[in-house]
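# Tertiary structure, described
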Amino acid sequence: STWIIRDCRFHTNVNQTIVESGSLEQHAFASSWYDVDLGWNRDLDPAWSNVALGRNGEYWPKHTWLLPVASTPVYWAFGLLGTLLFNLAMFGWVAVAGYRFGKAYASPTGAAVAVAIFLFGTAILESAYNYSADLLQVALFLTGLALAVSRRPIPAGIFVALAVVVRPTALILMLTPVLIYV
């Protein structure tokens, strides 16, 4: 499971709690960070944790919940391997959405070349062997753009909004679909 790095472990924790208890609540994984002195956690600021403390003492994921919710059926079917399979499917989704968006501005060959350069010539390639919320964000955003150039504003807005749910930093990209319409 070498693709489970950095934040991936927290996403898989959410997958596991959804499968085992039908909930996003992370008490089974996070309580030791707050309740037990493990040595390494003695001087950590609570903001370091990857969970947020709810008003009734629950532990909720601070990382995006959309990635584990969307991928849980594949996680349930294939275990940890399902997270990699889901991620590779998202990589393919980025290719399809990018191609559909690119065809609005270039020939089919030009759009295919542009997508290939984007997928294999940028840092996004590092997200292929991962379990990446960033890749989900790109897939959702590119789908929104592809729908925007197809003059389907409501579904475009939904996909772009979902990209913002994955990572609020996507708000900086919100002007792009507006410019497509203008």
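Here, every reference points to the structure presented above.
Now for a look at the structure at hand. Given the structure is predicted, the values throughout are model-derived calculations rather than measurements.

Here the focus is the overall build of the protein. A tally of helices and strands in the protein yields 8 helices and 2 strands. The burial tally for the protein puts 40% of its 182 residues in the buried class. Across the protein, contacts joining residues at least 24 apart in sequence account for 63% of those joining residues at least 6 apart. Total accessible area computed for the protein in this model is approximately 10,000 Å², and 66% of it derives from carbon and sulfur atoms.

On to the pattern of salt bridges, then. As enumerated under the stated definition, the model contains 1 salt bridge in all. When the shortest N-O distance is used, the salt bridge between Asp 134 and Arg 167 registers 2.7 Å. With Asp 134 in helix α6 (residues 133–149) and Arg 167 in the loop between α7 (153–166) and α8 (175–181), this pair connects stretches of sequence that are 33 residues apart. Judged by its relative accessible area of 21%, Arg 167 is partly exposed.

Among the structural elements, Gln 137 can be located in helix α6. For Gln 137, a relative accessible area of 11% corresponds to the buried category. Contacts of Gln 137, omitting those with residues within four sequence positions, involve Ala 163, Val 166, Arg 167, Thr 169 and Ala 170.

Okay, the nonpolar core next. Grouped burial of nonpolar side chains is what soluble globular proteins tend to show. Formed by 32 residues in total, the largest nonpolar core has its most connected members in Leu 67 and Leu 136. Contributions of two or more residues to this core are made by α3 (66–78), α4 (80–102), α5 (108–121), α6 and α7. For this core, the leading source of residues is α6, giving 11 residues. For Leu 136, the residues in contact, after removing those within four places along its chain, are Leu 66, Leu 67, Met 90, Trp 93 and Val 166.

One can find Ala 112 in helix α5. Taking the C-alpha atoms as reference points, Ala 112 and Val 96, 16 residues apart in sequence, are found 9.3 Å from one another.

For the rest of this paragraph, the subject is the packing of α4 against α6. Between α4 and α6, whose axes approach to 8 Å, the crossing angle comes to 25°. Taken together, the axes of α4 and α6 lie roughly parallel to each other. As for how α4 packs across α6, the hand of that crossing is left-handed. Between α4 and α6, the contacting residues are Asn 87, Met 90, Phe 91, Trp 93, Val 94, Ala 97, Gly 98, Arg 100 and Phe 101 on the first element and Leu 135, Leu 136, Val 138, Ala 139, Leu 140, Leu 142, Thr 143, Leu 145, Ala 146 and Val 149 on the second. Considering only residue class, the contact of α4 with α6 consists of 15 nonpolar, 3 polar and 1 charged.

This brings us to the packing of α4 against α5. Interhelical geometry of α4 versus α5 gives an angle of 140° and a closest axis separation of 8 Å. Relative to α5, α4 is oriented so that their crossing is right-handed. Residues Phe 91, Val 94, Ala 95, Gly 98, Tyr 99 and Gly 102 of α4 lie in contact with α5, whose contacting residues are Pro 108, Ala 111, Ala 112, Val 115, Phe 118, Leu 119 and Phe 120. The class makeup of the residues in the contact of α4 with α5 is 11 nonpolar, 2 polar and no charged.

Phi is positive for Arg 151, which is not a glycine, with a value near 60°. One can find Arg 151 in the loop between α6 and α7.

Moving on to a nonpolar patch on the surface. Taken together, the side chains of Trp 65, Val 69 and Val 165 define a hydrophobic patch exposed on the protein surface, amounting to about 240 Å² of accessible area. Here Val 69 is to be found in helix α3. Accessibility expressed as a relative area gives 38% for Val 69, which makes it partly exposed.

Calculation criteria
Position labels on residues start from 1 in each chain and follow its written sequence. Reporting of local features is limited, given that this is a predicted model, to residues whose pLDDT is at least 70; pairs of side-chain atoms are given and counted only at 80 or more, and all residues count toward the totals for whole chains, interfaces and linings. In computing side-chain properties, one takes all heavy atoms of the structure into account and sets aside hydrogens as well as water. Secondary structure counts use DSSP, requiring at least four H or I residues in a row for a helix and at least two E residues in a row for a strand, with both numbered from the N terminus. Buried, partly exposed and exposed residues are distinguished by accessible area as a fraction of the type maximum, computed with a 1.4 Å probe on protein chains only: under 20%, between the cut-offs, and over 50%, respectively. Two residues form a contact once any of their heavy atoms are found within 4.5 Å. Calculation of accessible area relied on Shrake-Rupley with a 1.4 Å probe; when residues are assessed, cover is drawn exclusively from the protein chains displayed. The salt bridge definition used is simple: a Lys or Arg side-chain nitrogen within 4 Å of an Asp or Glu carboxyl oxygen. Put simply, buried Ala, Val, Leu, Ile, Met, Phe, Trp, Tyr and Cys residues joined by side-chain atoms within 4.5 Å make one nonpolar core. For helices, the fitted line uses only the C-alpha atoms of the stretch in contact; every axis is such a line through C-alpha atoms, and the angle between N-to-C directions lies from 0 to 180 degrees. Each angle gets one of four labels, with under 35 degrees taken as roughly parallel, over 145 as roughly antiparallel, 65 to 115 as roughly perpendicular, and the rest as oblique. Note on convention: near helix rotated counterclockwise from far helix by under a right angle means a left-handed crossing. Clockwise means right-handed. Under the convention adopted here, Pro, Cys and the residues Ala, Val, Leu, Ile, Met, Phe, Trp and Tyr are nonpolar, Asp, Glu, Lys and Arg are charged, and Gly plus all remaining residues are polar. For patches, a residue must show more than 30% relative accessible area and have no salt bridge; joins then use 9 Å for like charges and 5 Å for nonpolar side chains, namely Val, Leu, Ile, Met, Phe, Trp and Tyr.

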